[in-house]
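# Observations on chain architecture
Letter by letter, the chains look like this.
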Amino acid sequence: VVRDRADFTALAQANPQKVRDDLINGVRASLGPDFDVDKHFTPRYMPWQQRVAFVPDGDLFQVIREGHVDVVTDEIERFTETGVLLKSGQLIEADLVITATGFNLTTLGDIDFAVDGQPVRYADTTTYRGLMFTGIPNMALVLGYGRFSWTLRADLIGDFVCRLLQHMDARGAKQVAVVNQEDQPVTTPVKTSNAPPFNPGYLLRNAQLFPKISKHGDWQRSDDYLVESAEFPHIDLDSPTFSFA
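Notes on the structure follow.

## A few points about the sheet that holds strand β2 (residues 83–86)
- Spatially, the three strands line up as an open sheet ordered β1-β2-β3, and their pairing is antiparallel. Every other strand in the sheet has two partners, leaving β1 (76–79) and β3 (91–93) as the edge strands with one partner each. Going across the sheet, the axis of each strand differs from the next one's by a mean of 25 degrees, ignoring polarity.
- Looking at chain direction, β1 and β2 are connected through three bridges and run antiparallel. Within β2, the residue paired with R78 across the bridge is L85.

## A closer look at a nonpolar patch on the surface
- On the surface, a cluster of nonpolar side chains totalling about 270 Å² of accessible area is made up of I76, F79 and V97.
- Following the sequence through the fold, V97 ends up in the loop between β3 and β4 (114–115).

## Notes on the packing of helix α1 (residues 2–14) against helix α2 (residues 16–31)
- At a minimum axis separation of 5 Å, α1 and α2 run at an interaxial angle of 115 degrees. Between α1 and α2, the contacting residues are F8, L11, A12, Q13 and A14 on the first element and P16, V19 and L23 on the second.
- Among the residues forming the contact of α1 with α2, the class breakdown is seven nonpolar, one polar and no charged.

## A few points about the pattern of salt bridges
- Under the criterion given, the structure shown has nine salt bridges.
- For D124, the salt bridge identified is with R121, shortest N-O distance 2.5 Å.
- Owing to a relative accessible area of 56%, D124 belongs among the exposed residues under this scheme.
- Exposure remark for R121: the relative accessible area of 49% places this residue in the partly exposed category.
- Its salt-bridge partner being R129, residue D218 comes within 2.7 Å of it at the nearest N-O pair. Here the residue D218 occupies a position in the loop between β10 (213–214) and α7 (225–231), and R129 occupies one in the loop between β6 (127–128) and β7 (132–133), the gap between them amounting to 89 residues.
- The network of salt bridges with shared partners includes R129, D218 and E231.

## Describing the packing of aromatic side chains
- Taken as a whole and assessed by the stated rule, the structure comprises 10 aromatic pairs.
- With a centroid separation of 6.0 Å and an interplanar angle of 70 degrees, the aromatic rings of F8 and F54 are classed as edge-to-face. With F8 in helix α1 and F54 in the loop between α3 (37–40) and α4 (59–65), the pair connects residues that are 46 residues apart, well separated along the chain.
- For F54, a relative accessible area of 42% corresponds to the partly exposed category.
- With 5.4 Å between their ring centres and 75 degrees between their planes, Y128 and F242 make a pair best called edge-to-face. Of this pair, Y128 sits in strand β6 while F242 sits in strand β11 (residues 242–244), and the two are 114 residues apart along the sequence.

## Thoughts on α2
- Between its terminal C-alpha atoms α2 stretches 23 Å, which fits the 22 Å expected from 16 residues at 1.5 Å a residue.
- Turning to α2, its buried residues are V19, R20, I24, V27 and L31. One face of α2 carries all of its buried residues, which in axial projection span an arc of 125 degrees.
- Among the structural elements, α1, α3 and α4 are those in contact with the buried residues of α2.
- One or two residues past the end of α2 sits G32, with phi positive at roughly 90 degrees.

## Considering the nonpolar core
- If you look at the biggest cluster of nonpolar residues, it comprises 20 residues, and the most contacted ones within it are M132, F160 and F242.
- Of all elements in the fold, only α5 (150–171), β8 (176–178) and β11 reach the threshold of two or more residues within this core.
- Broken down by element, this core gets its largest block of residues, five residues, from α5.
- Ignoring any residue separated from it by four or fewer positions in sequence, one finds M132 in contact with T126, T127, M139, A140, F160, L164, V176, V178 and F242.

Reading the values: rules and limits
- Note on numbering: residues in each chain are counted from 1, in written sequence order.
- A pLDDT threshold of at least 70 governs which residues receive local features in this predicted model, and a stricter bar of 80 or more applies before side-chain atom pairs are shown or counted, although totals over entire chains, interfaces and linings include all residues.
- Excluded from the side-chain calculations are hydrogens and water; all other atoms, namely the structure's heavy atoms, are used.
- Strand pairing is defined by DSSP finding a minimum of two bridges between the two strands.
- Helix and strand assignments come from DSSP, with helices taken as H or I runs of at least 4 residues and strands as E runs of at least 2, each series counted from the N terminus.
- To obtain each axis, a line is fitted to C-alpha atoms, and for helices this fit is confined to the stretch in contact; angles are then taken between N-to-C directions over 0 to 180 degrees.
- Patch membership requires over 30% relative accessible area and the absence of a salt bridge. Like charges are linked within 9 Å, and nonpolar side chains (Val, Leu, Ile, Met, Phe, Trp, Tyr) within 5 Å.
- In this description, accessible areas are obtained by the Shrake-Rupley approach with a 1.4 Å probe, and a residue is regarded as covered only by the protein chains that are shown.
- Any carboxyl oxygen of Asp or Glu within 4 Å of a side-chain nitrogen of Lys or Arg constitutes a salt bridge here.
- Throughout, a contact is declared for two residues whenever any of their heavy atoms are within 4.5 Å.
- Under the grouping applied here, Gly and all other residues not named as nonpolar or charged are polar, the nonpolar ones being Ala, Val, Leu, Ile, Met, Phe, Trp, Tyr, Cys and Pro and the charged ones Asp, Glu, Lys and Arg.
- Three labels apply to residues, based on accessible area from a 1.4 Å probe with only protein chains included: buried if under 20% of the type maximum, exposed if over 50%, partly exposed otherwise in between.
- The criterion for an aromatic pair is that two Phe, Tyr or Trp rings (for Trp, the six-membered ring) have centres within 6.5 Å, with stacked assigned to planes under 30 degrees apart, edge-to-face to planes over 60 apart and tilted to the rest.
- Here, expected helix span is obtained from the residue count minus one, scaled by 1.5 Å.
- Taking the helix axis as origin, the arc is that swept by the directions to the C-beta atoms.
- Joining through side-chain atoms within 4.5 Å is the link that ties buried Ala, Val, Leu, Ile, Met, Phe, Trp, Tyr and Cys residues into a set, and such a set is a nonpolar core.

Right under this line is the structure:
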């Protein structure tokens, strides 16, 4: 499954129009000729510019085809006492509304951190592999994959942190921080994401607040499990990247 997902992502980056056409044609085949796929299932972006929703058994399309589900594609004007008013003027009556979009992504849940009494501004830091930050000692972030199972990367980070803690014990260290010694330009994560650019609104709206990354492999967050699963166990904890005290 991991290899299939990696091959699919690579194809989407190399030939996004073909992948887009194949996906939409698959939806057309599932929903039949009378359904308006162009309106309801044709996004404005290419595959993996935003996350791809997988429907392995086609169950969603089956219930739509059988008339058990109505699909309405529009933008929300506002909520009303009885439902949702769309910009087209259509009012959808609703007993329950589940919001699944429109949020703003934050770093570490917008929790306020301080180092030596000074507030941490993540935009002033550079991230080491998307799990540690310059200037913030003794902290690691468990951030999973967007294109693979989230827990695959969580497991890698858990193993790395355990190894790092054991290394600190062996050195008698109480503190560890990462130091970016590479002469590499840094930028926001949106600028250097894998092509095609990953551009969901929840990321773009707050991109200026996120930690910086660089083009160097150690100082950007990879989204490739096959690469990281080979690299993480061999990270040299005695390299100048890690500063112990």
